[in-house]
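# Summary of structural features
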Amino acid sequence: MSARHIAVIGAGAWGIALACAQARAGAQVSLWMRRPIPAPDFDRTRTLPRLPDIELPPLVTLTNSFPAEADLTLLTVPLQSLRDISARLPGASPLIACCKGVETATGALPLQILAETQPGRAAAMLSGPNFAVEIARDLPAAATIAAPDLDEARAYCAGLATPSFRLYASDDPIGVQTGAAAKNVIAIGAGIAIGAELGENARAALITRGGVEIARLAEAMGGRAATIAGLSGMGDLILTCTGPGSRNFSLGLALGRGETLEEILSRRTTVAEGVATAPALLALARRHGVAMPIVETVTRLLAGSVDAKRARALLLDRPPTTE
Ligand SMILES: NC(=O)C1=CN([C@@H]2O[C@H](COP(=O)(O)OP(=O)(O)OC[C@H]3O[C@@H](n4cnc5c(N)ncnc54)[C@H](O)[C@@H]3O)[C@@H](O)[C@H]2O)C=CC1
Ligand SMILES: O=C(CO)COP(=O)(O)O
């Protein structure tokens, strides 16, 4: 499959980055933004506020109307607005969810939201260790595209891979979506540990045991533990828990240093998906009878019902178990 017209829905950091990557690879890109198009500034600079140092290639066109004709449509809006946006999308092109999280109102993962809002329309999930700014700068990276059918996933990979962006096909959408959503919650925990000066050993333990929790949930929901060892699980956990550029990690870092969530959120304009996802993920885990002690502790920290000192005790005082 050779997709030549790509619609990208959402002109945040991730939408800009994917639009740049596709346009550089020769695709005609329609980048939808909900805010008014910032002409004439944009015509002069070809830059957008979310990635102000990135010049968009000539093949990227901005639009305030949802593109009806495209070979593929990439959804790069925050997860909590995916339902609203998806329900309004025209056309029949396959939808590729690129947002990471669990819907707070329903506990739904991205592809469930797409199935409910666009019944019968083909859909897949793209996720991996991908900081937007690096993809926008054409640095090398890899990610996974998961669809219910492996050949379908392979076709999307062929349509979206670029010389710098290597894509792996998977037929485990549950595993890929679970890893994508949960890594942000664990990253907040890792940030808290570093902010509270609990040390690098604590961070490594959180990454590893966080991966175990995520794998348990993925399996309980019909996914595969092996997927959580891959790019959209452990790969993204490592990136997000160690990269200072992560918004989820840096939010945790500020919490661990003693700031309140309200203070941190009041000076941010970008989305840290783990904040909304944490309680929804915990509810999902409980519904499936899966213990996620790290996710539970992060959720309590975000709710302000425990502090970092108590959180440390909650995790360390648990009964001994096997690995
Ligand atoms: N930034 C990154 O490095 C990566 C982000 N992602 C995922 O992509 C998704 C979007 O993240 P970013 O682009 O980084 O966020 P961002 O905070 O840079 O931008 C979000 C965009 O969505 C728009 N938006 C906000 N609320 C909306 C609503 N109710 N309806 C329609 N549009 C709305 C904003 O105007 C903005 O253009 C998230 O799920 C994130 O986890 C995935 C991989 C990398
Ligand atoms: O998903 C991401 C990297 O893969 C981006 O992480 P943050 O949302 O924490 O910045």
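Residues numbered from 1 in each chain as written. Chains lettered and ligands numbered in written order. Predicted model: local features only at pLDDT ≥ 70, side-chain atom pairs only at ≥ 80, totals over all residues.

## Overview of the confidence of the model for the chain
Selection criterion: Along the chain, pLDDT gives the predictor's confidence residue by residue, from 0 to 100.
Overall, the predicted model of the chain reaches an average pLDDT of 97, with 99% of residues at or above 70. For this predicted complex, the interface score ipTM comes out at 0.98, alongside a pTM of 0.97.

## Comments concerning the site of ligand 2
This is how it is decided: The C-beta atom of each residue is placed using the backbone, and any residue whose C-beta lies within 6 Å of a molecule or strand is treated as near it. Helix and strand labels come from DSSP, where a helix needs a run of H or I of at least four residues and a strand needs a run of E of at least two; each type is numbered from the N terminus. Three classes are used, and their members are as follows: Ala, Val, Leu, Ile, Met, Phe, Trp, Tyr, Cys and Pro are nonpolar, Asp, Glu, Lys and Arg are charged, and the others, Gly among them, are polar.
Around ligand 2 lies a shell of 13 residues, among which N130, D236, S246, R247 and N248 are the nearest. Contributions of two or more residues to the shell around ligand 2 are made by α7 (173-195), α10 (231-242) and α11 (247-256). By residue number, the principal contributor to the shell around ligand 2 is α10, which donates 3 residues. Looking at side-chain class alone, the shell around ligand 2 contains 4 nonpolar, 5 polar and 4 charged residues.

## Describing the nonpolar core
We count it as follows: In this description, a nonpolar core means buried residues of the types Ala, Val, Leu, Ile, Met, Phe, Trp, Tyr and Cys, linked to one another by C-beta atoms lying within 7 Å. Working definition of burial: number of other C-beta atoms within 10 Å of the residue's own, with buried at 20 or more, exposed at 12 or fewer, and partly exposed in between, all C-beta atoms being placed from the backbone. Note that the domain bounds were set by an automatic or database domain assignment. The contact rule is simple: place each C-beta atom from the backbone, and if two of them lie within 7 Å, those residues are in contact.
Among the nonpolar cores identified, the biggest contains 108 residues, and I16, A17, L75, I96 and L281 are the most heavily contacted of them. Looking at this core, the element that brings in the most residues is α7, giving 13 residues. Looking at which domains feed residues into this core, each of domain 1 (5-171) and domain 2 (174-316) gives three or more. If near-sequence neighbours (up to four positions away) are discounted, L281 is found in contact with V102, A181, A182, V185 and V295.

## Considerations on the site of ligand 1
In the vicinity of ligand 1 there are 25 residues, among which G12, W14, S81, C99 and A132 approach most closely. For the shell around ligand 1, the element with the highest residue contribution is helix α1 (residues 13-24), accounting for 3 residues. Of the residues contributing to the shell around ligand 1, the split by class is 12 nonpolar, 8 polar and 5 charged. When residues of the shell around ligand 1 are assigned to domains, at least three map to each of domain 1 (5-171) and domain 2 (174-316).

## Section: the pairing of strand β3 (residues 60-63)
Our working definition: For two strands to pair, DSSP has to find at least two bridges joining them.
Of the two faces of β3, only one is covered, namely that formed by V60 and L62; the face formed by T61 and T63 stays uncovered. For strand β2 (residues 28-32) and β3, the ladder comprises 4 bridges, and the chain directions are parallel. When the sheet's bridge partners are listed, W32 is paired in β3 with T63.

## Remarks on α10
α10 sits mainly inside the fold: 10 of its 12 residues count as buried. For α10, the set of buried residues is L231, S232, G233, M234, G235, D236, L237, L239, T240 and C241.

## Some details on the sheet that holds strand β6 (residues 123-127)
The criterion, for reference: Under this scheme, a helix contributes an axis fitted over its contacting stretch, all axes are lines through C-alpha atoms, and angles between N-to-C directions fall in the 0 to 180 degree range.
Strands sit in the order β3-β2-β1-β4-β5-β6-β7-β8 across an open sheet of 8 strands; the sheet is mixed. Each edge of the sheet is formed by a strand with only one pairing partner; in this case those strands are β3 and β8 (165-170). Ignoring which end each strand starts from, the neighbouring axes of this sheet average 25° apart. Sheet strands in contact with helix α4 (residues 110-117) are β5 (95-97) and β6, and its direction is about 155° off that of β6.

## Comments concerning the domain arrangement of the chain
Quoted interface sizes are often the accessible area lost when the parts come together. With domains assigned, the chain is organised as domain 1 (5-171) and domain 2 (174-316). Distance between the C-alpha centres of domain 1 and domain 2: 24 Å. Counting residues at the interface gives 25 residues for domain 1 and 27 residues for domain 2. Only α4, β6, β7 (141-146) and β8 provide two or more residues apiece to the side of domain 1 that touches domain 2. The leading source of residues in the side of domain 1 that touches domain 2 is β7, at 4 residues. Split into classes, the residues belonging to the side of domain 1 that touches domain 2 amount to 15 nonpolar, 8 polar and 2 charged.

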